[in-house]
Amino acid sequence: MKTGNSPARIEDVYGAAKETYAKFGVSSDKAIKSALALPVSIHCWQGDDVLGFENSGPLSGGILATGNYPGRARNGDELRSDAEFAFALIPGKKRFNLHSFYAEPGKGKVSRDMIRPEHFSKWMSWSKKKKIPLDFNPSYFSHPMAGSGYTLASADPKIRRFWIRHSIACRRIASAFGANQGVPAVNDIWIPDGSKDYPADRISPRERLKDALDEIFSEKLPALTITDALECKLFGIGSEAYVVGSHEFYMAYAVKKQIKLCLDTGHFHPTETIADKISAALLFVPGLLIHFSRGLRWDSDHVSTFSDEMRDACRELKRADAFGRVDIALDYFDASINRIAAWVIGARNLRKALLESLLEPTKLIVDAEKRGKNHERLALMEECKTLPFAAVWDKLCLTAGVPVNAEWLGNVNDYEQKVLSKRK
Ligand code: RNT
Ligand code: ZN
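Residues numbered from 1 in each chain as written. Chains lettered and ligands numbered in written order. Predicted model: local features only at pLDDT ≥ 70, side-chain atom pairs only at ≥ 80, totals over all residues. Heavy atoms only, no water.

A. Region of interest: the coordination of the zinc ion (ligand 2). Within the protein, E231 (OE), D264 (OD), H291 (ND1) and D331 (OD) serve as the donor atoms for the zinc ion (ligand 2), at 2.0 to 2.1 Å. Around the zinc ion (ligand 2), the 6 donor atoms sit at angles spanning 69 to 163°, and that spread fits a shape best called octahedral. Mapped onto the sequence, the donors of the zinc ion (ligand 2) take the spacing E-x32-D-x26-H-x39-D. Here D264, found in strand β8 (residues 260–264), pairs with D331, found in the loop between β10 (326–330) and α10 (339–358); they are 67 residues apart in sequence, far enough to count as distant. Using a relative accessible area of 0% as the deciding quantity, one classes D264 as buried. (Donors = N, O, S within 2.8 Å, 3.2 Å for Na, K, Ca; no water. Tetrahedral: all angles 85-135°; square planar, octahedral: opposite > 155°, others 65-115°. Helix = DSSP H or I, 4+ residues; strand = E, 2+ residues; numbered from the N terminus. Buried < 20%, exposed > 50% of the residue type's maximum accessible area, 1.4 Å probe, protein only.)

Here it is, written out as structure tokens:
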């Protein structure tokens, strides 16, 4: 399928687009440069349906990867080569986000409360070689000790202690990643704890979670190696009535302890979006981690699209001049389609939304607002929607050396035929 223009034609069309943006006081050259420099953390778990390498059974914790499209990565080498293949189709600076159960302890097994940085030595040397910084997540699901639906908030001290040890071990691993890569690794804590029906006692689990976090964060690790983040959720599958780590809980905790807050676009009420939360939270927490996902009815993890929600959130980051304090990541899992395409679609969409935000003539629009000319504000916002954005996006892809338009589908189909279809 030949969908992209020739480089000469892209340059041509871009030249005209650049003039149009200049009339709005925007340098599209600068926007492309800035958009390419923003790191996007790509989640490893789309590559293998969030299964990990422990063989510890099906995915649990109120999240679900449905579908059985052939070709999922079955081990570290496959996951790394699939990711590399996807990266070549995604423009801009990339990071790679791991879960603790992607450890490679060699022969034998290692218990989650005993994992150490050396169990990630393959990942760390890959990261260094490919210049792809790593991020990290403790894994509080798909494990016998999470069978009750409670981990850090469990009333059983044996279970709670196990997950506290896991959390401490994971922070040390993230810190080792940071030391290895020379920039901090984001360590994001999300726990599934919650219940299907209305609990009689909502406060005790939250007290236990608070105490557990206090203990976990009591170890001071160098800020140059690790950035901690806490991820809230409104409900999950099987935790519809109550989630211990709610938005209010983590917002308050993050403010008190000055830890980054993670906003996952799929973790709020279905009609609630995160764009408006950004400026409010940024005044009180040191920064944010954003998980771009797509909530669809009761699922919070569909492949990210170039949606109003994504675009609004990116615009808010730009308008608040917040890129320096916000870590940007993807988080979804779809096992019903080609997994490399799933990565590429979401990551290209996010880069598009970042570019679009950087092309906004924000100053012009804010000036109209300051002058009390709200009809001008609205008119400019609406006119911006049809500026020649696609021409700048094509030029960004050309600059980054990745396929233009839908041309990357050819690469993915080729890889599917040559590599993925051979996996049983
Ligand atoms: C789950 C959270 C969490 C996970 C990953 C796998 O609802 O969004 O971020 O998706 O840790
Ligand atoms: Zn998430």
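The discussion continues.
B. Structural detail: the site of ligand 1. Near ligand 1 the following residues occur: W45, I63, H99, W190, E231, K233, D264, H267, H291, D331 and F333. Within the side chain of K233, one N or O atom sits 2.8 Å away from an oxygen atom of ligand 1. A distance of 3.0 Å separates an oxygen atom of ligand 1 from a polar side-chain atom of D264. Within the complex, 100% of the 310 Å² of free accessible area of ligand 1 lies under protein. In this structure the site holding ligand 1 corresponds to the largest cavity. For the shell around ligand 1, the class distribution of residues is 4 nonpolar, 3 polar and 4 charged. (Near = heavy atom within 4 Å. Polar contact = N/O pair within 3.5 Å; in protein donor to acceptor, adjacent residues only side chain to side chain. Areas by Shrake-Rupley, 256 points an atom, 1.4 Å probe, with all protein chains shown as cover. 1 Å grid on protein atoms, 1.4 Å probe; cavity = no way out; pocket = protein on both sides within 12 Å on 5 of 7 lines; lining within 4 Å. Sits in = over half its atoms within 2 Å of the grid points. Nonpolar A, V, L, I, M, F, W, Y, C, P; charged D, E, K, R; others polar.)

C. Representation of the pattern of salt bridges in the model. For the structure on display, the rule yields 33 salt bridges. Among the ionic pairs, D308 bridges to R311, the shortest N-O distance being 3.8 Å. Taken as a pair, D308 and R311 lie in helix α9 (residues 308–319) at a separation of 3 residues, close to a single helical turn. A relative accessible area of 56% means that D308 is categorised as exposed. By relative accessible area, which is 16% here, R311 ends up buried. We note a salt bridge from R315 to E356, for which the minimum N-O separation is 3.7 Å. Of the two residues, R315 is situated in helix α9 and E356 in helix α10; the sequence distance between them amounts to 41 residues. What makes R315 buried here is its relative accessible area of 18%. For E356, a relative accessible area of 14% puts it in the buried group. Through salt bridges that share partners, D308, R311, D312, R315 and E356 make up one connected network. (Salt bridge = Lys/Arg side-chain N within 4 Å of Asp/Glu carboxyl O.)

D. Structural context of empty space enclosed by the protein. Evaluated as defined, the whole model comprises 4 cavities of 30 Å³ or more. The calculated volume of the largest cavity comes to roughly 160 Å³. Lining the largest cavity are 16 residues; nearest its centre among them are I63, H99, W190, E231 and D331. Grouping the constituent residues of the lining of the largest cavity by class yields 7 nonpolar, 4 polar and 5 charged. In this structure, the second largest cavity encloses a volume near 50 Å³. The wall of the second largest cavity is formed by G62, I63, K233, F235, G236, I237, W298, D299, S300 and D301. Here the lining of the second largest cavity is composed, by residue class, of 4 nonpolar, 3 polar and 3 charged. (Points joined across faces, edges and corners; volume = space filled by probe spheres on them.)

E. The arrangement of helix α2 (residues 28–37) in detail. Residues of α2 that are buried include every one of S28, A31, I32, A35 and L36, and no others. For α2, the arc enclosing every buried residue in end-on projection is 125°, short of the 170-degree limit, so these residues lie on one face. With respect to the buried face of α2, the exposed residues turned more than 90 degrees away are K30 and K33. Buried-residue contacts for α2 involve α1 (7–23), α10 and α13 (389–400). (Arc of directions from axis to C-beta. Contact = heavy atoms within 4.5 Å.)

F. Molecular detail of the nonpolar core. Counting residues in each nonpolar core, the largest one holds 127 residues, and the members touching the most others are F96, W123, L152, L213 and L355. If you tally residues by element for this core, the top one is α10, at 11 residues. In terms of nonpolar packing, the next biggest core, distinct from the first, is built from 5 residues, V186, C262, L289 and A329 among them. (Core = buried A, V, L, I, M, F, W, Y, C linked by side-chain atoms within 4.5 Å.)

G. A look at the pairing of β8. β8 sits mainly inside the fold: 5 of its 5 residues count as buried. Alternating residues of β8 divide into K260, C262 and D264 and L261 and L263, and every residue in both groups is buried. Sheet analysis places strand β6 (residues 226–231) next to β8, joined by 3 bridges and oriented parallel. Paired with A229 across the bridge in β8 is K260. Two elements, β8 and strand β9 (residues 288–292), share 4 bridges in a ladder whose sense is parallel. In the strand pairing of β9, D264 is matched with H291. The β-α-β motif built from β8, the intervening helix α8 (residues 275–282) and the parallel element β9 has right-handed crossover chirality. (Pairing = 2+ DSSP bridges. Right-handed = clockwise from strand over helix to strand, strands pointing away.)

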